[in-house]
Amino acid sequence: DLPRVLESLTKIAGNSGAPSLQNYRKPILRLMEELQQQAQQLAQQAQQATQQAQLAQQQQQQNTQPTQQAIGPAPETNKIPPPTSAPIAFSSSIGAATLSNLSDATRRAAEQTEATIRNDPLGMRQQVTFLLEGWMRVNSEAPGSEKALAQYMQLLQQHGVGKLEDQTERFFRHSTELAVEAVLKTATRPEVTEGEVPNPEASPPQNTLNYNVIDVYAKLVALLVRYMNSGGTQEQVAAQRISLLNKVLGITMRTLMAHYERNKSGANLPTTPAEGGVNVTTEPRGNWDQRPWYRLLLN
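Quick caveat, the model's predicted, so the values are computed rather than measured.

Draft legend 1. Expanded view of the overall build of the protein. A count of helices and strands for the protein gives nine helices and two strands. Along the chain direction, N to C, the helices and strands of the protein fall in the order α-α-α-α-α-α-α-α-β-β-α. Across the protein, every contact between residues at least 6 apart in sequence was considered, and the portion connecting residues at least 24 apart equals 64%. A total of about 21600 Å² of accessible surface is found on the protein, and carbon and sulfur atoms cover 53% of it.

Draft legend 2. Representation of the packing of aromatic side chains in the model. Applying the stated criterion to the full structure yields three aromatic pairs. With centroids separated by 5.3 Å and ring planes inclined at 75°, the aromatic side chains of Tyr260 and Trp288 adopt a geometry described as edge-to-face. Of the two residues, Tyr260 sits in helix 8 (residues 234-264) while Trp288 sits in the loop between strand 2 (279-281) and helix 9 (291-298), which places them 28 residues apart along the sequence.

Draft legend 3. Summary view of the packing of helix 4 (residues 124-141) against helix 6 (residues 165-185). Direction vectors running N to C along helix 4 and helix 6 enclose 70°, while the axes themselves pass 9 Å from each other. By the criterion of interaxial angle, the relationship of helix 4 to helix 6 is roughly perpendicular. Judged by residue contacts, Met124, Arg125, Gln127, Val128, Thr129, Leu131 and Leu132 of helix 4 engage Gln167, Arg170, Phe171, His174, Ser175, Glu177, Leu178 and Glu181 from helix 6. For the contact of helix 4 with helix 6, the residue count by class is six nonpolar, five polar and four charged.

Draft legend 4. Highlighting the side chain of Asn139. The topology assignment puts Asn139 in helix 4. Assessed through its relative accessible area of 18%, Asn139 is described here as buried. Non-local contacts of Asn139, meaning those with residues more than four positions away in its chain, are made with Val216 and Lys219.

Conventions used here
- Residues numbered from 1 in each chain as written.
- Predicted model: local features only at pLDDT ≥ 70, side-chain atom pairs only at ≥ 80, totals over all residues.
- Heavy atoms only, no water.
- Helix = DSSP H or I, 4+ residues; strand = E, 2+ residues; numbered from the N terminus.
- Contact = heavy atoms within 4.5 Å.
- Areas by Shrake-Rupley, 256 points an atom, 1.4 Å probe, with all protein chains shown as cover.
- Phe/Tyr/Trp six-rings, centres within 6.5 Å; stacked < 30°, edge-to-face > 60°.
- Axes fitted to C-alpha atoms, helices over the stretch in contact; angles between N-to-C directions.
- Parallel < 35°, antiparallel > 145°, perpendicular 65-115°, else oblique.
- Nonpolar A, V, L, I, M, F, W, Y, C, P; charged D, E, K, R; others polar.
- Buried < 20%, exposed > 50% of the residue type's maximum accessible area, 1.4 Å probe, protein only.

Nothing here speaks to function; it is geometry throughout.
Written out as structure tokens, the structure is:
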């Protein structure tokens, strides 16, 4: 369309007989000069791009010719290769560097969590246990009661949950740990039918877990996010709830990674009392059970 524009402008500028166009003659001439310059620049750029593409194609042809001479003629594309019994190798899309970064992330999260725990006041875990047991009673004795829920949320706010940053972080961190530990303690081995011969090639059966505590705690988190209100406009209250949800998710993931790291060292494996009053682990070190965490995130 640029040549047509220039042609139209040339006609207008050349029509000097029209008095109404005299005032626009000079601006039109300047516009025509600018358009012509731009057209020349675009043409030069297109010519340079074409030359570069031709040079790149020539270099590629020069590089492929020696390789084809050394290898021989290319095989026929329509010839079907014979079947082979060699196994096909599959590779993971996650590289070694990415896996190393993930491993370092869990270690750093565990170190950060341990440093945070050291700053907890005395009796913090017992205080959170008391609050969590109170919620279990409310959910069991008065499920769906708005009055009981309002009283419990008022109790949480009295302990700084939802108001103070540190208290909120401690409450959700300890509550998550307590809920996961309670679920892991319910592990029971599946019963073996009398006379049944175990298959040595089959994987050992998994312990069964009772997820009641995890489900009740997830319900508490959902209600807190839904009804948390520290005052302000409707937009401010919505922002507070979104902030609380992000905070809970972040605490959950850091606690999960710290739990995984401690499990590798055998620090949080379930134990049972043995002879002499010494606790022994019931699972091998490093056998981290992720099912409670999956259930929590699923809720």
